[in-house]
Amino acid sequence: MKKVTGLGGIFFKTKDPELMKDWYARNLGLVTNEYGSVFEFRESDKPENKAYSVWSPFKEDTEYFQPSEKEFMINYRVENIEKLVEELREAGVIICDEIETYEYGKFVHILDPENNKIELWEPVDQVFEKMYEGKTTK
């Protein structure tokens, strides 16, 4: 079973998320929105399909990264998140929460051996395509 299929996002803490979004938009050309920037790309196995990843600055006092004390969190795109969580649980990996489902995908959080919180995302890219058509960083 294929587990991680790609990078889903990079999340990091910052003193001023709005300043960071503005700076990256102005200086590096990111197309930004309220969350950060959505990157659009093509799936290598199915180049006719669009896929997405997210770059997102968070307030430095966010609790979203807890229990990790790190300044960043990585999101990985995965397939069959339910089966993957079963396998991870059997392997003794710490599962931080239950799988949550939204129209744009399913999410769960785990911890790696150094207590880095990792977000796993089984995306529904077609919803992202409708939400962000013409508003992505390519």
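What comes next concerns the included structure. (Residues numbered from 1 in each chain as written. Predicted model: local features only at pLDDT ≥ 70, side-chain atom pairs only at ≥ 80, totals over all residues. Heavy atoms only, no water.)

Examining the side chain of T14
Here is step 1: Here T14 shows up in strand β1 (residues 4-14).
Here is step 2: When residues no more than four places from it in sequence are discounted, the contact partners of T14 are M20, P57, F58, K59 and E60. (Helix = DSSP H or I, 4+ residues; strand = E, 2+ residues; numbered from the N terminus. Contact = heavy atoms within 4.5 Å.)

Examining the environment of I10
Here is step 1: Within the secondary structure layout, I10 lies in strand β1.
Here is step 2: Here I10 falls in the partly exposed class, since its relative accessible area comes to 33%.
Here is step 3: Along the chain, I10 and E129 lie 119 residues apart, while their C-alpha atoms are 19 Å from each other.
Here is step 4: With residues near it in sequence (within four places) discarded, I10 still touches V54, W55, S56, M73 and I74. (Buried < 20%, exposed > 50% of the residue type's maximum accessible area, 1.4 Å probe, protein only.)

With respect to a negative patch on the surface
Here is step 1: A grouping of E60, D61, E63 and E71 is seen on the molecular surface, where their side chains present a negatively charged patch.
Here is step 2: For E60, the position within the fold is in the loop between β3 (50-59) and β4 (72-78). (Patch = residues over 30% accessible without salt bridge, like charges linked within 9 Å, V, L, I, M, F, W, Y side chains within 5 Å. Areas by Shrake-Rupley, 256 points an atom, 1.4 Å probe, with all protein chains shown as cover. Salt bridge = Lys/Arg side-chain N within 4 Å of Asp/Glu carboxyl O. Lys, Arg positive; Asp, Glu negative; His and termini not counted. Charge placed at Lys NZ, Arg CZ, Asp CG, Glu CD.)

Topic: the nonpolar core
Here is step 1: By size, the foremost hydrophobic cluster in this structure holds 11 residues: F11, V38, Y52, V54, F58, F65, M73, F107, W121, F128 and Y132.
Here is step 2: Elements with a contribution of two residues or more to this core: β3 and α3 (125-132).
Here is step 3: With three residues, β3 is the largest single contributor of residues to this core.
Here is step 4: Leave out the neighbours within four places in its chain, and V54 touches G8, G9, I10, F11, S37 and F128. (Core = buried A, V, L, I, M, F, W, Y, C linked by side-chain atoms within 4.5 Å.)

Thoughts on the side chain of H109
Here is step 1: Position of H109 among the secondary structure elements: in strand β7 (residues 105-111).
Here is step 2: Overall, H109 belongs to the buried group, its relative accessible area being 6%.
Here is step 3: Only 2.6 Å separates the side chain of H109 from the side chain of D97, close enough to count as a polar contact.
Here is step 4: With residues near it in sequence (within four places) discarded, H109 still touches Y64, M73, I94, I95, C96, D97, K117, I118 and E119. (Polar contact = N/O pair within 3.5 Å; in protein donor to acceptor, adjacent residues only side chain to side chain.)

Concerning the pattern of salt bridges
Here is step 1: This model, assessed by the stated rule, comprises eight salt bridges.
Here is step 2: Among the salt bridges present, the one from D125 reaches R77, with a minimum N-O distance of 2.6 Å. Residue D125 is found in helix α3, and its partner R77 is found in strand β4; the two are separated by 48 residues along the sequence.
Here is step 3: The exposure class of D125 is buried, given its relative accessible area of 9%.
Here is step 4: Take R77: its relative accessible area is 5%, and that puts it in the buried class.

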